[in-house]
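As a plain string of letters, each chain reads:
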Amino acid sequence: MIIVTTFNGAQVEPWLDAVAALRIAVFRDWPYLYAGDRGYEKQYLATYAKSAGCLFVLAFDGERVIGASTAIPLADETAAFQQPFRERGIALGDVFYFGESVLLREYRGHGLGHRFFDEREAHARRLGGFALTAFCAVERDAGDPRRPSGHRDNDAFWIKRGYARQDDMFCELGWQEIGAARPDSHRLRFWLRPLPQSPP
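Let us look at the structure shown here. Being a predicted model, the structure only gives us computed values, none of them experimental.

Observations concerning the packing of aromatic side chains
For step 1, the next point in the chain: Going through the model one piece at a time under the given rule, you end up with 20 aromatic pairs.
For step 2, the next point in the chain: Linked through ring pairs, F96, F98, F117, F130, F135, F157, W158, Y163 and W191 together constitute an aromatic cluster.
For step 3, the next point in the chain: One Lys or Arg, R140, reaches over the ring of W30 and ends 6.0 Å from the middle of that ring.
For step 4, the next point in the chain: The ring of F170 has R187 sitting right over it, with the charged end atom 3.8 Å from the ring centre.

Quick look at the structure:
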């Protein structure tokens, strides 16, 4: 049986190593092609764990963490994620930012992706004061030869959730791809949605 549990702030610390390992495993696949860096993972997750307003949504199969999703007030995020909002004149305090949703392949297609979004949007409403929810996702050339045959992007899922692709909001993040000699910069596009003040 799959159990979904939420954690706030430092409550998640006992599970951070498992979440880091899950992120590395899932992001090895297209489109991230992330080689994995435990040092980066520790720093990244610490940003979330020290925020009183953050949320971790973890999916367990028994004792095993098989899925994870994060969210944080944008004001508590790092500058790389904040800068596109500053440039557009959107107040950081108005935005609740969604980090990743990662789920092992064999558990996909059973509604956990929707559950991750439901929990994060509900948490933003409980905290109050947010007008928007947002996330960003890496983009790859459709003709990239590394693209797996039959791969389906998540755009249709995000649009169904009410998120709008932004044509003028991007951030640059660095990570080392599988087979690369060194880290490189990658462009991620933002998606935004006005936050309904009551569940749909």
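Some words on the packing of helix α1 (residues 16-27) against helix α2 (residues 38-49)
The relative placement of two packed helices comes down to the angle between their axes together with the axis-to-axis distance.
For step 1, the next point in the chain: Closest axis-to-axis distance for the α1/α2 pair is 10 Å, and the angle between their directions is 125°. With respect to α2, the axis of α1 lies oblique. Of the two possible hands of crossing, α1 and α2 adopt the one that is right-handed. Packed against α1, whose contacting residues are L16, D17, V19, A20, A21, R23 and I24, the element α2 presents R38, Y40, E41, Y44, L45 and A49 at the interface.

Structural notes on unusual backbone geometry
Peptide bonds are mostly trans, and most non-glycine residues show a negative phi.
For step 1, the next point in the chain: Residue P31 is bonded to the preceding W30 through a cis peptide linkage, with omega at 10°.
For step 2, the next point in the chain: Within the secondary structure, P31 is located in the loop between α1 and α2.

Procedures and definitions
Residues numbered from 1 in each chain as written. Predicted model: local features only at pLDDT ≥ 70, side-chain atom pairs only at ≥ 80, totals over all residues. Heavy atoms only, no water. Phe/Tyr/Trp six-rings, centres within 6.5 Å; stacked < 30°, edge-to-face > 60°. Lys NZ or Arg CZ within 6 Å of the ring centre and 35° of its normal. Axes fitted to C-alpha atoms, helices over the stretch in contact; angles between N-to-C directions. Helix = DSSP H or I, 4+ residues; strand = E, 2+ residues; numbered from the N terminus. Parallel < 35°, antiparallel > 145°, perpendicular 65-115°, else oblique. Left-handed = near helix turned anticlockwise from the far one by under 90°. Contact = heavy atoms within 4.5 Å.

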